[in-house]
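# Fold and contact review
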Amino acid sequence: MAETKTLKLTGAQEEQLFQKYRDYAAKTPQYAKWQLKLPGCVITCYQSGKTVFQGNNISQYTPVSEEKNKDIFPQAGSDEVGTGDYFGPVIVCASIVREEDLPCLKELGIKDSKAIPDERIMKIGKTLMEKLDHSLLILDNAKYNRIHDSANMNAIKARLHNKAYCNLSKKASLPSLKIIDQFCAESSYYRYLQYEEEVIRGIHFETKAENKYISVGASSIIARYAFLTCMQNLEDRYGLPLIKGASSETDACAIEFVRKFGWEELSKVAKMHFANTKKIRELV
Ligand code: MN
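Parameters at a glance
Residues numbered from 1 in each chain as written. Predicted model: local features only at pLDDT ≥ 70, side-chain atom pairs only at ≥ 80, totals over all residues. Heavy atoms only, no water. Helix = DSSP H or I, 4+ residues; strand = E, 2+ residues; numbered from the N terminus. Domains from an automatic or database assignment. Contact = heavy atoms within 4.5 Å. Buried area = accessible area lost by both parts, 1.4 Å probe. Salt bridge = Lys/Arg side-chain N within 4 Å of Asp/Glu carboxyl O. Donors = N, O, S within 2.8 Å, 3.2 Å for Na, K, Ca; no water. Buried < 20%, exposed > 50% of the residue type's maximum accessible area, 1.4 Å probe, protein only. Core = buried A, V, L, I, M, F, W, Y, C linked by side-chain atoms within 4.5 Å. Pairing = 2+ DSSP bridges. Axes fitted to C-alpha atoms, helices over the stretch in contact; angles between N-to-C directions. Polar contact = N/O pair within 3.5 Å; in protein donor to acceptor, adjacent residues only side chain to side chain. Phe/Tyr/Trp six-rings, centres within 6.5 Å; stacked < 30°, edge-to-face > 60°.

### A closer look at unusual backbone geometry
Leaving glycine aside, a negative phi is the common case for residues, and trans is the common case for peptide bonds. Residue proline 74 is reached from phenylalanine 73 by a cis peptide bond, and omega for that bond is -5°. Within the secondary structure, proline 74 is located in the loop between α2 (66-69) and β5 (75-81). Phi angles above zero are rare outside glycine, and lysine 208 is one such case at about 55°. Structurally, lysine 208 can be placed in the loop between β9 (204-206) and α8 (209-212).

### Structural notes on the domain arrangement of the protein chain
Split into domains, the protein chain comes out as domain 1 (3-63), domain 2 (75-234) and domain 3 (241-283). Taking only C-alpha atoms, the centre of domain 1 and the centre of domain 2 are 30 Å apart. Listed per partner, the contact involves four residues of domain 1 and six residues of domain 2. Each partner contributes to the roughly 420 Å² buried at the junction of domain 1 and domain 2, and carbon and sulfur atoms together form 38% of this total. If you sort the residues of domain 1 by the area they bury against domain 2, Gln16, Lys20 and Asp23 come out on top, with a joint share of 84%. On the surface where domain 1 and domain 2 come into contact, there are one salt bridge. Salt-bridge contacts for lysine 20 lead to glutamate 186; the nearest nitrogen and oxygen are separated by 3.6 Å.

### Focus: the coordination of the manganese ion
In this structure, Asp79 (OD) and Asp181 (OD) serve as the protein donors to the manganese ion, at separations of 2.1 to 2.2 Å. A residue pair is termed long-range when its members are at least 10 positions apart, and aspartate 79 in strand β5 and aspartate 181 in strand β8 (residues 177-181) qualify at 102 residues.

### Observations concerning the side chain of aspartate 251
Along the polypeptide, aspartate 251 turns up in helix α10 (residues 248-261). Given a relative accessible area of 7%, aspartate 251 falls into the buried group.

### A word on the nonpolar core
In summary, soluble globular proteins display a tendency toward joint burial of nonpolar side chains. Counting 69 residues, the largest nonpolar core has Tyr86, Phe87, Ile110, Leu128, Tyr189, Leu266 and Val269 as its most contacted members. Sorting elements by how many residues they give to this core places helix α9 (residues 214-238) first, with 13 residues. Both domains that meet at this core, namely domain 2 (75-234) and domain 3 (241-283), each give it at least three residues. The contact partners of valine 269, leaving out residues within four places of it in the chain, are Tyr86, Phe87, Gly88, Asn141, Leu234, Tyr238 and Phe257. Counting residues in each nonpolar core, the second largest holds 13 residues, with Leu17, Phe18, Ile58 and Tyr61 among its members.

### Section: the sheet that holds strand β1 (residues 3-8)
Here we have four strands laid out as an open sheet, ordered β1-β4-β3-β2, and antiparallel in their pairing. One side of each edge strand has no neighbouring strand; the edge strands of this open sheet are β1 and β2 (32-38). Strand after strand, the sheet turns through a mean of 15° between neighbouring axes, direction not considered.

### Points about the environment of lysine 171
The topology assignment puts lysine 171 in helix α6 (residues 153-171). With a relative accessible area of 53%, lysine 171 lands in the exposed category. Taking C-alpha positions, lysine 171 is 42 Å from valine 258, a pair spaced 87 residues apart along the chain. Not counting chain neighbours up to four residues away, the residues in contact with lysine 171 comprise His134 and Ser135. Here histidine 134 takes part through its backbone oxygen, which lies 2.5 Å from a polar atom of the side chain of lysine 171.

### A word on the packing of aromatic side chains
The full count for this structure, using the stated rule, is eleven aromatic pairs. Judged by centre distance (5.3 Å) and plane angle (40°), the rings of phenylalanine 18 and tryptophan 34 are tilted. Of this pair, phenylalanine 18 sits in helix α1 (residues 11-20) while tryptophan 34 sits in strand β2, placing them 16 residues apart in sequence. Per residue, the accessibility class of phenylalanine 18 equals that of tryptophan 34, and both read buried. With a centroid separation of 6.3 Å and an interplanar angle of 65°, the aromatic rings of phenylalanine 183 and tyrosine 189 are classed as edge-to-face. Both residues of the pair, phenylalanine 183 and tyrosine 189, belong to the buried class.

Right, here's the structure in full:
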């Protein structure tokens, strides 16, 4: 039965809704910002600030208030690290947080790993791994470079997140709320997975989720913990510091690395498609 619902969404919610279903954008009617024609639902976002949902299947598309969402448990969340670092692997972690984990997690001060110093990550990362059901995937540089020839970073991320949820589903039953710290449009995410054997669906995508959902925060810490451990191992193996990030200090490390060990070896510790490679090529 056709229904009509009018909501006043926040600017962020409007934007999120549009980005999520932008493939369904229709011609913009007068006085509207945009219109989406989805299966069973037409959504019109008006300049007045009102958004109208019309059709026989509108509940699927009306946004859940973010405030309510973040307090639902159990919840699963996933995040990745290493994608902005020239050296080191790309790592994705998905974990499940249950209501009974909350006191301990709050005591540990779980939030976005980027806001926590490395020394602290090394202390709490291990505890989280012991406490939470999780799946951790580490894509080493050699494999990353091979895959990157035919897949872009977002495609790689999508496959890793999906694989992490697949693995997690074999360890524990997945909660209905599963959050990915959003790195691309939802439609692109599932398109990247079109040839995967198993795809976990019903994911909630949200930007800056590592600050809003404790499960995403916990996963980002576990992933960062694994990343720091990998970097330490690489530094020990080569006896050189490998500066994180992708700055000119990183370039200086890479130059020294290539002089000592050669280009072939560099491709085992660095993401070769980064602009850093081109820069250092002229300097080695
Ligand atoms: Mn993230």
